[in-house]
Amino acid sequence: MLPADVPLSHLSPPVLPPLLLLLQQLPPTASFFPNIWSLLAAPGSITHQDLTEEAALNVTLQLFLEQPPPGRPPLRLEDFLGRTLLADDLFAAYFGPEFPSRRFRAALGEVSRANAAQDFLPTSRNDPDLHFDAERLGQGRMRLVGALREALVAARALEHTLARQRLGAALHALQDFYSHSNWVEMGQQQPQPHLLWPRQELRSLARVDDPTCSDCEELSCPGNLLGFTLLTSGYFGTHPSKPPGKCSHGGRFDRSSSQPPRGGINKDSTSPGFSPHHMLHLQAAKLALQASIQAFSLLRNRLGDRGFSRLLDISPASSLSFVLDTTGSMGEEINAAKIQARHIVEQQQGSPMEPVHYVLVPFHDPGFGPVFITSDPDSFWQQLNEIHALGGGDEPEMCLSALEVCPTPPLHLLPFQVLPPRGTRAFLGPPSPSPPSELSPPSFRPGFQGPLTFNSVLPGSTHSPAATMFNAHALPPCQLALLHTPPLSDIFVFTDASPKDAMLTSRVESLTQERRCRVTFLVTEDPSRVQGRARREVLSPLRFEPYEAVALASGGEVIFTKDQHIQDVAAIVGDSMADLVTLPLEPPVVVSGRSLVFRVDALLQKVTVRIHREVSSFWIRNPAGVSQDQEEGEGPLGHTRRFGQFWIVTLNDPPQTGTWEIQVTAEGTPRVRVQAQTALNFLFYFGIPMEDGPHPGLYPLTQPVAGLQTQLLVEVTGPGSRGKLGDPRPHFSHIVLRGVPDGAERGRVPLEPTGPRERNLLTASLPPTLLSTTGPFSVELIGQDGEGRGLHRAAPQPCTVVPVLLELGGSPGFLAPGSKALLSLRITSFSGPQDLDLRTSVSPSFPLTSNLSRVRLELNESAWGSLWLEVPDSAAPDSVVTVTVTVTGREASPGPPTHAFLRLLVLGPALQDPLAAPAHSSGPILTSTSPASTLVTQGRAGGGQVDKPWWGTVGGVLLLLGLASW
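Bear in mind the structure is a predicted one, so any value in this text is a computation, not a measurement.

**Here's the deal with the state of the cysteines**
All chains considered together, the criterion is met by two disulfides. Paired by a disulfide, Cys 213 and Cys 247 hold their sulfur atoms 1.9 Å apart. Linking Cys 213 and Cys 247, the disulfide has an S-S dihedral of approximately 95° and is accordingly described as right-handed. Of the two residues, Cys 213 sits in the loop between helix H6 (160-180) and helix H7 (281-311) while Cys 247 sits in the loop between H6 and H7, which places them 34 residues apart along the sequence. Linked covalently through their sulfurs, Cys 216 and Cys 221 form a disulfide whose S-S length is 2.1 Å.

**Description of helix H12 (residues 505-515)**
The buried count for H12 comes to nine of 11 residues, which makes it a mostly enclosed element. Those residues of H12 that fall on the buried side of the exposure criterion are Thr 505, Arg 507, Val 508, Ser 510, Leu 511, Thr 512, Gln 513, Glu 514 and Arg 515. Arg 516 sits one or two residues past H12 and shows a positive phi near 55°.

**Points about the pairing of strand S35 (residues 834-843)**
Most of S35 sits out of view: eight of its 10 residues are buried. Note: S35 against strand S37 (residues 854-857), four bridges, orientation antiparallel. Bridging across to S37, Gln 834 finds its partner in Leu 857. Sheet topology note: the S35/strand S39 (residues 879-889) ladder contains eight bridges and is antiparallel.

**Here we look at the pairing of S39**
The element S39 is largely enclosed, with a buried count of nine among its 11 residues. Note that S39 and strand S40 (residues 898-906) share nine bridges and pair antiparallel. Residue pairing for S40: Thr 882 is matched across the bridge by Arg 903.

**Some details on the confidence of the model for the chain**
Chain-level pLDDT for the chain is 77 on average; 76% of the residues reach the 70-or-more range. Predicted confidence for residues 526-536 stays below pLDDT 50, and this span has 31 contacts to residues more than four positions away or in other chains. Within the model, pLDDT remains below 50 along residues 911-945, and this stretch shows 115 contacts once partners closer than five positions in the same chain are excluded.

**Let's talk about the layout of surface pockets**
Over the atoms, a rolled probe matching the size of one water molecule traces out where space is still vacant. The volume enclosed by the second largest pocket comes to roughly 1,000 Å³. Leu 552, Pro 588, Arg 673, Val 740 and Pro 741 are the residues nearest the centre of the second largest pocket, which is lined by 37 residues in total. Its residues assigned to classes, the lining of the second largest pocket comprises 19 nonpolar, 10 polar and eight charged.

**Things to note about the pattern of salt bridges**
Tallied over the full model, the rule gives 39 salt bridges. Salt-bridge contacts for Arg 164 lead to Asp 313; the nearest nitrogen and oxygen are separated by 3.9 Å. Residue Arg 164 is located in helix H6, and its partner Asp 313 is located in the loop between H7 and strand S1 (320-325); the two are separated by 149 residues in the primary sequence. Neither residue differs from the other here; Arg 164 and Asp 313 are each classed as buried. The closest approach of N and O atoms between Arg 342 and Glu 346, which form a salt bridge, is 3.1 Å. Note that Arg 342 and Glu 346 are positioned in helix H8 (residues 331-348) at a spacing of four residues, about one turn of the helix.

**Some remarks on the sheet that holds strand S18 (residues 633-634)**
Judged by pairing direction, the sheet is antiparallel, and its six strands sit side by side in the order S13-S22-S15-S20-S19-S18 without closing on themselves. Of all the strands in the sheet, the pair left with one neighbour each is strand S13 (581-582) and S18. Judged from the two bridges that link them, S18 and strand S19 (residues 638-643) form a sheet pairing that is antiparallel. Across the sheet, the residue bridging to Gly 633 is Thr 640, located in S19.

**Examining the nonpolar core**
Of all hydrophobic cores here, the largest spans 69 residues; its most connected members are Phe 64, Leu 144, Leu 167, Tyr 178, Phe 296 and Leu 312. Counting residues per element, the ones that place at least two in this core are helix H2 (48-66), helix H3 (87-94), helix H4 (102-117), helix H5 (137-156), H6 and H7. Leaving out residues up to four positions away in the same chain, Tyr 178 has contacts with Trp 183, Val 184, Pro 191, Gln 192, Leu 195, Lys 267, Ala 284, Leu 287, Ala 288 and Ala 291.

Cut-offs and rules
- Residues numbered from 1 in each chain as written.
- Predicted model: local features only at pLDDT ≥ 70, side-chain atom pairs only at ≥ 80, totals over all residues.
- Heavy atoms only, no water.
- Disulfide = S-S within 2.5 Å.
- Helix = DSSP H or I, 4+ residues; strand = E, 2+ residues; numbered from the N terminus.
- Buried < 20%, exposed > 50% of the residue type's maximum accessible area, 1.4 Å probe, protein only.
- Pairing = 2+ DSSP bridges.
- pLDDT = per-residue confidence, 0-100.
- Contact = heavy atoms within 4.5 Å.
- 1 Å grid on protein atoms, 1.4 Å probe; cavity = no way out; pocket = protein on both sides within 12 Å on 5 of 7 lines; lining within 4 Å.
- Points joined across faces, edges and corners; volume = space filled by probe spheres on them.
- Nonpolar A, V, L, I, M, F, W, Y, C, P; charged D, E, K, R; others polar.
- Salt bridge = Lys/Arg side-chain N within 4 Å of Asp/Glu carboxyl O.
- Core = buried A, V, L, I, M, F, W, Y, C linked by side-chain atoms within 4.5 Å.

See below:
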């Protein structure tokens, strides 16, 4: 580990061996793979995502080299020389080939997409401070260091999704310095030594009256910089305007480059059409990579190896998240949860599968919480051991509130009329990057009705590096299990009652899909009978449907059992820690007495079949025709166990490859789930190609939008995807979209590889006709292994086609106690007329006002709105605020609700920053950015204004939390 006071740029080469490894790969072939953000840019260009992921992989390799894995031989640097670094290779070498890198790759994706998003978000795309443009070099450094500090504070508070977003923003600015300034043209061979040293002055800066560029009429401008040794950067667009004699950014999208002196100096790509200094692209990328490695190393130094590993999910293990009903009838269930937790902690401690994150959320009528979050298994066990079943006992309970955010108070209607800003234009992005000097609500006139939402204020909360607890009893609404469980995790809910907060169902469903978390309910109560509980009203036989809906939306399940079986059934918690995949069934809908099949390939192991509900009999048949029925114990195909109406069949390893068959006879609809362990899996996300803005790329979507041409991007993960040298490789030919829960095939779309072969990136173009039906669907990946045998993988969670594009955004940076923040909202319809209602909420319950409550949109029409968020003086520093906007269709516009989630960081004064280095230190100091960074730019469209969208393709405000789900 590097000492805190050692300047990273002065390290000798042996301290950063991965840096040397990567630098051998850059010139002269530009072997970094093309990524999704540059699909429309020049081939061979090195992008922000490439730089970010390569830097992270280099520092991860350094960590692995310095900390040999227990029980395995240490890694050798020479084994990685001359090869492109891949996350799968690193994980296979360090943990073993059976341990998946899926979560690590997803975390890297969060950082790299947050990086690339800086070129697409209206609040950041044209802000010169965030790109080192317009000679705002001092301001750019302040914002860069502030974003790094925010990432560090969020990581220490275990808010890793937000930390990755802020880290991505910081890395974008850092990398832009080397492409947008003349540092490379000045002949510099090392990164700028003071960018991460705020107490060191940036020297030799060009003054406002110093001419810096000469006129250039060509696309390529190698000699347009005037011969001087002052540091400058190019101007982009018209805000701020370019003074006489100054350089432009340049390229086809830069309007300033048509004003003398023409041309530009950016080195963003290898194409002269985008980059007048394209010939220096590789040199700029080399320095940007070195600087990015320094930034990652700085975070590793400040967080420690364990904290850094949690930040990037450098572990094959999942988190362990329990939501526990603590009413008086729950004694057996609580004991079962404790037994499972203790078993997992004892069995996995010190192994690669030890959970890296623990979340515990108790709930009780009428309260729930506090929420306990820790990375320490002993602290988790101690907290869990203090929970006991006490009082209550009536039906129903506040279960969904423990999963999500509490309901907000009703809206208060006040008469006002919104006066749109003068000169408002219908386009996605601010016409001016300058922040307003003062925030205020909109102007009001009598005669117009609209909502303002007022909520109560926040009590304090406590944080420590080891654990965080949010007092939900003192803090409604509160951030609970879903908001604090890492993406791609399982959440287990233990209860014996139906929910009384069913109104939260759709929002919880959306959160599970946005977070890609799977929720499993273990309900110790027969859904047709209720015994032993008091009840306030006659209970509906459909009262458990909210659980079924959340389980379906998240890829989980609802398992009904009895007290005497709960400890055995709870064993599925431990099984799920192995990162199981669910095998698709054909037909997807299980019908009693009808056969269904699933396929086993050579890359699957430890296959289990789970059957539950009122089962009278079942049988399983392998591809050779050998059958086994429901008799308990060992059979010809595997071991069968029964716990009441819950059956588990563990097939013998290795399972025979080919088509297996199952038939179940039961009262009602039986539930069947087939799961297995495998290293071969996939990640996916959606986006829309953009041909306008500062750079071409792909605008990311949390969910596909009805009527919008969309790209599906697939990233195949696992050592099996690369194979040994010379082995035949798996090949994936197409994806299948299948409706949920009906199982009907919606479409079959071919996949096209993109980038180098070993990166396993695939794309599919989804036409609007394929996404014309709103509602959930599953994504299935179809292909063949190296020997031509079939491969079939299904995504763990379904997706939902939403009726409108809902974009919620705020200014880059943090919130401060006592400040106000202006947030922007945009709703766009691509599938016809829409009559919509809007609801807003904030957690914690800071005062939040909105000027848009309902709107009617025609085809390809947009509406802008504004939200004003007030952070009270009593707000706890180093905490997170979550703003939620929900859009629902009125009777004439049916469809699922659309939700947007935005997370913002509250920081205290810089003088109270515990991370600041001593005054005599020469090391990097992470200080806060200017409070002005919380302000949005002037000229944003006013509340309630409806406009035709400005479309080349798509621009606008990214759903920031959507970055967490890819």
